[in-house]
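Observations on the model geometry
Next come the chains, spelled out residue by residue.
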Amino acid sequence: MNKRHKGQIIEKVVRGSGYTLVQVAKRVGVSRSTLYNAFEQESLNSSFITKLGRVIHYDFRKDFPELAEDEGYMDLDDQLEQYKRKIERELSEVQKKYYQVLEEYNKLLHFLVRIANNSDLYTLKKEISRFTEGKEF
């Protein structure tokens, strides 16, 4: 096998990736026959190789160093880091919303206890206190 035969190189990597060829073709946005045809090509478009690498989570720069010169190429570590930052931002937003709901819930409980104290509704106060694990307000 000629080391520079790009089609053969990507075929070996794709087949060893754990993804089926149907899955890879679908995620790349080509037909399975187009993927097979790519395996036969000695020279392939760098954007196709890059997209394929992203789909199967493989950094083809190891095999094709010239891809490193493409400004549009982002290695998997960069992709993972961006995804991690996005998830952290979303988690932070969920936490903020949770704390807001928790604060409102506590305000409501305080309000209900005040009503119970003012109205001598001992049973309500007792239930709320039991519900809040015996905390007195």
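Structure shown above.
Here's what I pulled together on the structure shown here. Keep in mind it's a predicted model, so treat the numbers as computed, not measured.

On to the overall build of the protein chain, then. A count of helices and strands for the protein chain gives six helices and zero strands. Put simply, the protein chain has 137 residues, and 26% of those count as buried. Here the analysis covers contacts within the protein chain between residues at least 6 apart in sequence; of these, 49% occur between residues at least 24 apart.

This part takes up helix 3 (residues 32-40). Buried within helix 3 are the following residues: Leu35, Ala38 and Phe39. Around the axis of helix 3, the buried residues are gathered within 105 degrees of arc, so they sit on the same side. Against helix 1 (6-15), helix 2 (21-28) and helix 4 (46-56) lie the buried residues of helix 3.

Below, the discussion takes up the packing of helix 1 against helix 4. Two elements in contact, helix 1 and helix 4, have axes whose closest approach is 11 Å; the angle formed by their N-to-C orientations is 10 degrees. Overall, the two elements helix 1 and helix 4 adopt an arrangement that is roughly parallel. Only Phe48, Ile49, Leu52 and Ile56 of helix 4 make contact with helix 1, whose side of the interface consists of Lys6, Ile10, Val13 and Val14. Across the contact of helix 1 with helix 4, the residue classes break down as seven nonpolar, no polar and one charged.

Applying the stated criterion across every chain, the model contains five salt bridges. We note a salt bridge from Glu93 to Lys96, for which the minimum N-O separation is 3.6 Å. Placement of both Glu93 and Lys96 in helix 5 (residues 76-119) is noted, with a separation of three residues, approximately one turn of the helix. According to the relative accessible area criterion, Glu93 is partly exposed, its value standing at 40%. A residue is classified by how much of its surface remains accessible, and Lys96, at 47% relative accessible area, is partly exposed.

To continue, consider the packing of helix 1 against helix 3. The packing of two helices is summarised by the inter-axis angle and the distance between the axes. Relative to each other, helix 1 and helix 3 sit at 130 degrees, their axes nearing to 6 Å. When the interaxial angle is binned, helix 1 and helix 3 end up oblique. Across the interface between the two elements, Gly7, Gln8, Ile10, Glu11, Val14 and Arg15 of helix 1 pack against Tyr36, Ala38 and Phe39 of helix 3.

Among all positions in helix 2, only Leu21, Val24, Ala25 and Val28 are buried. All buried residues of helix 2 lie within an arc of 95 degrees about the axis, which places them on one face of the element. Looking at the buried residues of helix 2, the elements they touch are helix 1, helix 3 and helix 4. Directly after helix 2, the chain includes Gly29, whose backbone phi takes a positive value near 90 degrees.

A few words now on the nonpolar core. Core analysis: the biggest nonpolar cluster contains 20 residues, and Ile10, Leu35, Leu52 and Phe60 have the highest contact counts within it. Examining the composition of this core, we find that five residues originate from one element, helix 4, more than from any other.

On to unusual backbone geometry, then. Positive phi outside glycine occurs at His57, with the angle close to 60 degrees. Examined against the element boundaries, His57 turns out to sit in the loop between helix 4 and helix 5.

One can find Thr50 in helix 4. A distance of 2.8 Å separates a polar side-chain atom of Thr50 from the backbone oxygen of Ser46.

Procedures and definitions
- Residues numbered from 1 in each chain as written.
- Predicted model: local features only at pLDDT ≥ 70, side-chain atom pairs only at ≥ 80, totals over all residues.
- Heavy atoms only, no water.
- Helix = DSSP H or I, 4+ residues; strand = E, 2+ residues; numbered from the N terminus.
- Buried < 20%, exposed > 50% of the residue type's maximum accessible area, 1.4 Å probe, protein only.
- Contact = heavy atoms within 4.5 Å.
- Arc of directions from axis to C-beta.
- Axes fitted to C-alpha atoms, helices over the stretch in contact; angles between N-to-C directions.
- Parallel < 35°, antiparallel > 145°, perpendicular 65-115°, else oblique.
- Nonpolar A, V, L, I, M, F, W, Y, C, P; charged D, E, K, R; others polar.
- Salt bridge = Lys/Arg side-chain N within 4 Å of Asp/Glu carboxyl O.
- Core = buried A, V, L, I, M, F, W, Y, C linked by side-chain atoms within 4.5 Å.
- Polar contact = N/O pair within 3.5 Å; in protein donor to acceptor, adjacent residues only side chain to side chain.

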